[in-house]
Amino acid sequence: MGIDISQFLDTFYEESFEGLDTMETELLALNPGAADSESINTIFRAAHSIKGGSGTFGLNAVADFTHVLETLLDEMRDGKRDVTQQAVDLMLSSVDVLREMLSALRESADLDSERITTVHDQLEAMLKGGDDGKAAETAPTDEAVDGVEQGGNSKWTVVFKPFNGLYRTGNDPVRIIRELDDLCSIVSEIDLSTLPEFDLLDPEECHLSWTIHLDGDITEAQIKDVFAWVEDDCELTVEKVSSPHADVENDSDASAAVVAASEETIDAAKETETPAATAPAVKKTPAAKKAAAGESGSIRVGIDKVDALINMVGELVITQSMLNQLGEEFTMDRVQRLQEGLVELEQHTRELQENVMRIRMLPISFSFNRFPRLVHDLSSKLNKKIELKVSGEQTELDKTVMEKIGDPLVHLVRNSLDHGIESPEERVKQGKPETGVLSLNAYHQGGNIVIEITDDGAGLNAEKILKKALEKGIVKEGDNLPPEKIYDLIFQPGFSTAEQVSDVSGRGVGMDVVRRNVKDLGGAVEVISEPGVGSTFTIRLPLTLAILDGQLVRVGDETYVVPLISIIESLQINMDNVNSIAGGAELYKLRNDYLPIIRLHELFCVETENHELSGGLLMVVEGDGHQAGIFVDDLLGQQQVVIKSLESNFKKVEGLSGATILGDGTVALILDIPGLVSLSRHRGDASASTQAAVA
Amino acid sequence: MPTILAVDDSASMRQMVSFTLKAAGFGVIEAVDGVDALSKAKTGKVDLVLTDVNMPKMDGISLIKELRTLPNYKFTPILLLTTESGADKKSEGKSAGATGWIVKPFNPDQLLATIKKVIR
């Protein structure tokens with residue numbers, strides 16, 4: 001009926017990657033020598049599903065590869081094979097190969113056949129190494145050859161005596177006879193002799209038997225195939241009704257020729273069958289590839305989240321119809337009801353919004369899950385003993401944020417393993433336990449998710465960092481920096497204290513990239529460290545990139561949105577605290593700090609009647625660890641705004657991170673506070689040149 | 001309209017089977033493992049059960065044994081989805097009360113052809 005099965009490929013890839021993750025996790029937890037049978041079972045099931053699916057969807061290379069792996073696992077499951085460390089390692093590489101194969105297939109890239117073959121051969125070798133030699137036994141065609149007869153018209157007599165319990169397997173003799181009828185012409189005789197007296201008759205049992213005469217172009221294999229499901233539930237004889245002529249031929253030495261001919265038939269049958277079975281799948285792949293290239297991405301959502309949404313929408317509809325009714329016959333004495341209705345509407349809308357956001361939220365375990373493997377591999381490579389502790393893995397965050405935070409996290413973990421935790425000998429010398437501990441922790445704090453990577457290693461070496469920073473010209477001789485500022489230097493571009501560039505962690509392009517990536521997500525990364533005790537890297541990220549809690553501010557006739565998270569305080573400007581410095585820049589003295597003042601109306605060329613600082617408000621904001629004061633005319637309300645990309649709808653504008661649409665339909669621009677702050681810090685020369693131009 | 005209970009822990013297989021069966025006009029109930037299938041089977045009568053063997057919580061073989069103890073499912077056809085390497089699963093399934101099996105990998109046409117043998 002021509003069903004295009006490639007439409008299910010996306011689901012298959014998704015679940016296969018999940019399956020591979022499960023396999024990896026279980027493999028890493030496996031205790032060689034004393035493996036938990038449930039773990040082996042779980043691993044087996046995942047491999048089995050991938051094999052089944054890949055076969056069905058025509059990904060034969062994957063199916064073939066997984067088959068060997070599955071056989072190996074099956075032997076372990078049955079206790080025929082020991083789970084050795086070597087086997088676990090090999091299976092881990094197999095997981096990697098499968099992951100690569102599936103990724104390549106999904107992106108219609110080329111398969112790395114050399115690597116696949118290498119691991120495949122290793123698996124085969126391990127399989128053959130088993131003393132039972134199970135793999136060699138598989139010769140599935142033997143049976144088929146026996147059963148296949150020459151084509152052409154032939155007559156058969158089949159005696160079919162079902163056992164009493166046949167019905168209890170859901171089988172039905174009538175169905176079988178009907179199936180034979182579809183194959184050729186039949187004459188069926190029913191044998192009632194075993195039918196008991198009526199009062200003894202058990203209607204749930206089968207008491208009949210049949211003798212069926214077949215005549216047509218049918219082979220013994222075809223007949224036996226029809227009875228395949230019941231061969232253990234009946235007595236079955238299939239006999240060829242031979243004409244005398246055929247007898248002679250059978251006894252003659254021509255029988256060898258018959259066998260040869262029958263083998264030919266099989267080959268021919270195989271050839272005709274295989275393309276027919278696989279062709280649709282193969283043909284459809286390009287279409288699927290195109291779809292995948294678009295990378296629409298999908299998300300798996302728990303039913304409960306969807307149910308909650310449907311529930312919310314129901315509530316919303318009720319409120320809406322209530323308001324409708326109110327509006328139809330509105331009188332002033334119903335204002336109270338109207339207001340109540342509107343409050344309800346707002347509440348439902350907010351809840352709906354929260355629920356919709358929850359759909360995009362995934363537990364951070366999706367990201368944390370890759371670390372046991374990473375730590376396992378790296379610690380053996382580095383000859384260190386490291387224990388990984390993970391907590392808070394159920395903390396949820398936006399899928400997009402999660403995808404983007406993966407690489408920075410890996411980098412930080414690698415860094416802690418490589419530079420943080422000391423070698424076992426060194427640790428013993430320091431009086432520490434031989435095994436180092438790396439902890440990953442995640443939790444929610446306000447509208448943020450906080451991820452901490454803590455190691456109990458040597459801590460950062462302030463002296464070394466400072467020396468390096470001086471060498472690289474990042475700081476100047478004589479700069480008196482407190483320790484936390486020194487530690488912060490490791491996030492500067494081009495900084496690396498590793499004496500030798502190792503292939504484990506970076507070559508000096510690391511930490512600054514981490515910081516930039518985190519910053520791109522609207523987050524921040526910082527480090528605290530104590531020599532000899534360890535370091536903690538803390539990443540703070542907004543839960544989502546789609547919605548923002550904002551403070552609306554007015555400048556002239558324009559409304560801007562300031563992310564609430566970056567606002568520290570707002571104050572009436574006291575002119576005594578305003579200092580003008582060379583270059584036209586202004587500073588505001590707030591307690592013991594001097595903050596650069598950013599005049600938005602100048603920056604964005606907005607007409608405003610109020611140019612005097614004394615008439616306005618100063619909003620103190622922080623971005624990138626630096627503070628600045630933004631001069632605005634008025635503070636409006638606070639509200640959640642939906643972020644629309646400026647870049648995709650217009651173009652990138654410095655100082656702005658996006659736009660949003662307000663309740664009255666007007667567009668408000670969202671300020672990019674870190675951008676503005678750094679702009680104000682570099683403005684000294686810029687404003688000087690502007691002033692020169694004006695003059 | 002015959003209803004088929006399709007049991008598989010693999011979402012893509014479930015999608016494929018369910019899509020094929022629905023396109024052929026069958027009603028389909030999906031279940032993700034034996035436990036799920038058993039509870040769904042109990043809430044209504046289905047005309048055919050199609051189950052995978054290897055599943056978490058309750059595998060296909062145990063599911064068949066459980067189903068056969070229910071009065072409603074004494075004679076209901078139950079087909080096992082197995083791989084060709086699982087020959088022992090076939091006989092294990094048979095003795096648990098399976099009607100027959102469909103060998104993976106199969107394409108939609110093969111699936112329908114087999115199912116139409118059992119229910120018309």
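In this text the structure is predicted, and so the values were computed from the model without any measurement.

Our focus in this paragraph is the overall build of chain B. Per the secondary structure count, chain B includes five helices and five strands. Along chain B, helices and strands appear, N-terminal first, in the series β-α-β-α-β-α-β-α-β-α. The buried share among the 120 residues of chain B stands at 52%. In chain B, 58% of the contacts between residues at least 6 apart in sequence involve partners at least 24 apart.

Scanning chain A from N- to C-terminus turns up 23 helices and 22 strands. Expressed as a percentage of its 695 residues, the buried residues of chain A come to 27%. Sequence-distant contacts, at least 24 apart, represent 70% of the contacts inside chain A between residues at least 6 apart.

This part takes up the sheet that holds strand β19 (residues 626-632) of chain A. Residue and element names in this part refer to chain A. Ordered by their spatial adjacency, six strands build an open sheet running β14-β18-β19-β17-β16-β15, and the pairing between neighbours is mixed. A strand with exactly one partner marks an edge of an open sheet, and here the two such strands are β14 (567-572) and β15 (578-580). Ignoring which end each strand starts from, the neighbouring axes of this sheet average 35° apart. The pairing of strand β16 (residues 586-590) with strand β17 (residues 593-599) spans four bridges and is classified as antiparallel. By the bridge assignment for β17, Lys589 is matched with Tyr594.

Among the nonpolar cores identified, the biggest contains 71 residues, and Leu5(B), Val49(B) and Leu50(B) are the most heavily contacted of them. Apart from residues no more than four positions distant in its own chain, Leu5(B) is found in contact with Ile29(B), Ala31(B), Ala37(B), Lys40(B), Ala41(B), Val46(B), Val49(B) and Leu50(B). Counting 35 residues, the second-largest nonpolar core is a separate cluster that includes Val375(A), Leu397(A), Met402(A) and Leu438(A).

What follows is about the interface of chain A and chain B. Counting from both sides, the interface comprises 25 residues of chain A and, opposite them, 36 residues of chain B. Those elements that place two or more of their residues in the side of chain A that touches chain B are α1 (9-29), α2 (37-56) and α7 (173-183) of chain A. Ranked by the residues each element gives to the side of chain A that touches chain B, the list is headed by α2(A), at seven residues. Residue composition of the side of chain A that touches chain B, grouped by class: nine nonpolar, ten polar and six charged.

With that settled, the discussion passes to the packing of helix α3 (residues 60-77) of chain A against helix α5 (residues 113-129) of chain A. The relative placement of two packed helices comes down to the angle between their axes together with the axis-to-axis distance. Residues and elements named next belong to chain A. At their nearest, the axes of α3 and α5 sit 10 Å apart, and the two run at 30° to each other. When the interaxial angle is binned, α3 and α5 end up roughly parallel. Crossing hand, α3 versus α5: left-handed. The residues of α5 that touch α3, namely those facing Phe65, Val68, Leu69, Thr71 and Leu72, are Ile116, His120, Leu123, Glu124, Met126 and Leu127. Counted by class, the contact of α3 with α5 contains eight nonpolar, two polar and one charged residues.

Compared with an ideal rise of 1.5 Å per residue, which puts 26 residues at 38 Å, helix α11 (residues 303-328) of chain A spans 38 Å between its outermost C-alpha atoms and is within 8% of the ideal. For α11(A), a buried count of zero out of 26 residues is recorded, marking the element as mostly open to its surroundings.

We now examine unusual backbone geometry. Leaving glycine out, the prevailing phi sign among residues is negative, and the prevailing peptide bond configuration is trans. With omega at -5°, the peptide bond leading from Lys104(B) into Pro105(B) counts as cis. Take Pro105(B): it is sitting in the loop between β5 (100-104) and α5 (108-118). Here Asn383(A), not a glycine, exhibits a phi torsion of approximately 55°, which is positive. As for its position among the elements, Asn383(A) is in the loop between α14 (371-382) and β6 (386-391).

Another point: the sheet that holds strand β11 (residues 534-542) of chain A. All names here are of chain A. The strand order across the open sheet formed by five strands is β6-β8-β9-β11-β10, and the pairing between neighbours is mixed. Each edge of the sheet is formed by a strand with only one pairing partner; in this case those strands are β6 and β10 (524-530). When the angles between neighbouring strand axes are averaged without regard to direction, this sheet yields 15°. Pairing of strand β8 (residues 436-445) with strand β9 (residues 448-455), which is carried by eight bridges, proceeds in the antiparallel orientation. The residue bridging Tyr443 from the neighbouring strand is Val450, located in β9.

All names here are of chain B. Taken residue by residue, chain B gives an average pLDDT of 86. The fraction at 70 or more is 96%. Mean pLDDT values for the elements of chain B range from 79 in helix α4 (residues 87-96) up to 92 in strand β1 (residues 3-7). On the interface metric, ipTM, the complex scores 0.81, and its pTM is 0.53.

Let us now look at the packing of α11(A) against helix α12 (residues 335-359) of chain A. Residue and element names in this part refer to chain A. Between α11 and α12, the shortest axis-to-axis distance is 9 Å and the interhelical angle comes to 160°. Taken together, the axis directions place α11 and α12 in an arrangement best described as roughly antiparallel. For the pair α11 and α12, the sense of crossing is left-handed. Seen from α11, the contacting residues are Lys305, Ala308, Leu309, Met312, Val313, Glu315, Leu316, Thr319, Met322, Leu323 and Leu326; seen from α12, they are Arg337, Leu338, Gly341, Glu344, Leu345, His348, Glu351, Leu352, Asn355, Val356, Arg358 and Ile359. Here the residues of the contact of α11 with α12 are counted per class, giving 13 nonpolar, four polar and six charged.

Moving on: the pairing of β16(A). Residues and elements named next belong to chain A. Across three bridges, the pairing between β15 and β16 is antiparallel. Residue pairing for β16: Ser580 is matched across the bridge by Glu586. In sequence, β15 turns back onto β16 through a hairpin of five residues, with Gly583 there showing a positive phi of about 90°. With antiparallel pairing between neighbouring strands as the criterion, β16 and β17 make up a hairpin whose turn holds two residues, including Arg591 at a positive phi of roughly 50°.

Conventions adopted
Residues numbered from 1 in each chain as written. Chains lettered and ligands numbered in written order. Predicted model: local features only at pLDDT ≥ 70, side-chain atom pairs only at ≥ 80, totals over all residues. Helix = DSSP H or I, 4+ residues; strand = E, 2+ residues; numbered from the N terminus. Buried ≥ 20, exposed ≤ 12 C-beta atoms within 10 Å, placed from the backbone. Contact = placed C-beta atoms within 7 Å. Pairing = 2+ DSSP bridges. Axes fitted to C-alpha atoms, helices over the stretch in contact; angles between N-to-C directions. Core = buried A, V, L, I, M, F, W, Y, C linked by C-beta atoms within 7 Å. Nonpolar A, V, L, I, M, F, W, Y, C, P; charged D, E, K, R; others polar. Parallel < 35°, antiparallel > 145°, perpendicular 65-115°, else oblique. Left-handed = near helix turned anticlockwise from the far one by under 90°. Expected span 1.5 Å × (residues − 1). pLDDT = per-residue confidence, 0-100.

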